[in-house]
Amino acid sequence: MAQYQNVFQRYEKKYLMDERQYQALIKFLHGKMTSNEYGRHTICNIYFDTPDFRLIRASIEKPVYKEKIRLRSYGVPKKEDTVFIELKKKYKGIVYKRRVSITLWEAEQYLLRRSKLQKPSQILKEIDCFLDFYQPINPKIYLAYDRIAMCSSENPDLRITFDTNIRWRENVLDLAKGVWGSPLLEAGQHLMEIKIPGAMPIWLSRGLSELGIFPTSYSKYGNCYKKYLIHSIGIGGTQSA
């Protein structure tokens, strides 16, 4: 099995752009950022939550600390392919992501049936504690998007990703069942994320400002909930603990 990075700590800034801004930014980044070896690829996710959507309701209230869990694959996996259980936390603007890599079959046995995995680790213990604390926790939505990832030619810790064609569904919550779903963004929109351990380079900050591209608060799962899923628990349910 290939080696993967399983621990991340960084700042993540998001920007929502139209096609004109996107093309101008790609031109600006030429020679400064390069696409990674995967080129354009599709990322698939299943987000888990409590019956009353406790995790995402807490997240969109913008607390100092928030956390979520998801199952992720790169492309459509078969049962024996590698996927990732990711525990993502944000505290005072810093994102901490810890994940374990296992097969899709193992992940389904663990997350859906709570079968024990034969590969104990500190990260897995943290995921166990998370699942125990929020139980019952179940798959809620499927989210997929096409991503281009770039890294700095001078600073490998600086990464920029562009997500397009974001689609989602609230049924057939199985990574192996394909990447179909309803669109989340408007036509021509691109969601950019800048990921960096520390301060943003001055050249990049100035370039974004000159192009009229400014940070925004945007959560894919959060927008699915606010636009489409809130009806699942009713108006009153949004106020419950």
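Further up the page is the structure itself.
Numbering of residues starts from 1 in every chain and runs along the sequence as written. Local features in a predicted model are, by the rule used here, given only for residues with pLDDT of at least 70; side-chain atom pairs are given and counted only at 80 or more, and totals for whole chains, interfaces and linings are based on all residues. Remark: hydrogens and water are excluded; side-chain values derive from all non-hydrogen atoms of the structure.

1. Here we look at the pattern of salt bridges
Any Lys or Arg side-chain nitrogen found within 4 Å of a carboxyl oxygen on Asp or Glu counts as a salt bridge. Enumeration according to the criterion identifies 18 salt bridges in this entry. Notably, a salt bridge pairs Arg 114 with Asp 132, separated by 3.5 Å at the nearest N-O pair. With Arg 114 in the loop between helix H3 (104-113) and helix H4 (122-134) and Asp 132 in helix H4, this residue pair connects regions lying 18 residues apart in the sequence. Judged by relative accessible area, which is 42%, Asp 132 ranks as partly exposed. The partner of Arg 147 in a salt bridge is Asp 163, and the shortest N-O contact between them spans 2.7 Å. Of this pair, Arg 147 sits in strand S6 (residues 138-152) while Asp 163 sits in strand S7 (residues 159-169); the two residues are 16 residues apart in sequence, bridging distant segments of the chain. With respect to class, Arg 147 is no different from Asp 163; both count as buried. Each of the salt bridges in this network shares a partner with another, and the network as a whole consists of Arg 70, Arg 72, Glu 86, Lys 97 and Arg 99. Secondary structure elements follow DSSP: runs of H or I of four or more residues count as helices, runs of E of two or more count as strands, with numbering from the N terminus. With a 1.4 Å probe rolled over the protein chains alone, any residue whose accessible area is under 20% of its type maximum counts as buried; one over 50% counts as exposed, and the rest are partly exposed.

2. With respect to the packing of helix H1 (residues 19-29) against helix H5 (residues 202-210)
For the pair H1 and H5, interaxial distance at closest approach is 11 Å and the crossing angle is 150 degrees. Here H1 is positioned roughly antiparallel relative to H5, judged by the angle of their axes. Classified by chirality, the crossing of H5 by H1 is right-handed. In this structure, H1 contributes Leu 25, Phe 28 and Leu 29 to the contact, and H5 contributes Trp 203, Leu 204, Gly 207 and Leu 208. Charged means Asp, Glu, Lys or Arg here, nonpolar means Ala, Val, Leu, Ile, Met, Phe, Trp, Tyr, Cys or Pro, and polar covers whatever is left, Gly included. Grouping the amino acids of the contact of H1 with H5 by side-chain chemistry returns 6 nonpolar, 1 polar and no charged. Here the axes come from fitting lines to C-alpha atoms, over the contacting stretch only for helices, and the angles between their N-to-C directions go from 0 to 180 degrees. Each angle is binned into one of four classes, with values under 35 degrees roughly parallel, values over 145 roughly antiparallel, values of 65 to 115 roughly perpendicular, and all other values oblique. A clockwise turn of the near helix away from the far one marks a right-handed crossing, whereas an anticlockwise turn of less than a right angle marks a left-handed crossing. Contact between two residues is taken to exist if any of their heavy atoms lie within 4.5 Å; hydrogens are not considered.

3. Some points on helix H6 (residues 220-229)
Buried residues dominate H6, accounting for 7 of its 10 residues. Restricting attention to buried positions, one finds in H6 the residues Lys 220, Tyr 221, Gly 222, Asn 223, Cys 224, Tyr 225 and Leu 229.

4. Observations concerning the side chain of Glu 86
Turning to its location among the elements, Glu 86 is positioned in strand S4 (residues 82-91). When its relative accessible area of 1% is taken as the criterion, Glu 86 is described as buried. Any pair of nitrogen or oxygen atoms within 3.5 Å is treated as a polar contact; in protein, a donor-acceptor pairing is required on top of that, and neighbouring residues in sequence qualify only through side-chain atoms on both sides. In terms of polar contacts, Glu 86 uses its side chain to reach the side chain of Arg 70, at 2.7 Å. Setting aside its immediate chain neighbours within four residues, Glu 86 contacts Lys 68, Ile 69, Arg 70, Arg 72, Lys 97, Arg 98 and Arg 99.

5. Brief notes about the layout of surface pockets
With a 1 Å grid laid over protein atoms only, a set of points is called a cavity when a 1.4 Å probe fits there but cannot get out and a pocket when it is open yet has protein on both sides within 12 Å along at least five of seven lines; lining residues have an atom within 4 Å of a point. Grid points are joined across faces, edges and corners, and a volume is the space filled by probe spheres set on the points. Taken as a whole, the second largest pocket encloses approximately 700 Å³ of empty space. Lining the second largest pocket are 27 residues, and of these Lys 14, Lys 66, Lys 90, Ser 217 and Tyr 218 lie nearest its centre. Every element with two or more residues in the lining of the second largest pocket is listed here: strand S1 (7-17), helix H2 (54-59), strand S3 (65-74), S4 and H6. Element by element, the count of residues in the lining of the second largest pocket is highest for S1, at 4 residues. Among the residues making up the lining of the second largest pocket, the classes are represented as 8 nonpolar, 7 polar and 12 charged.

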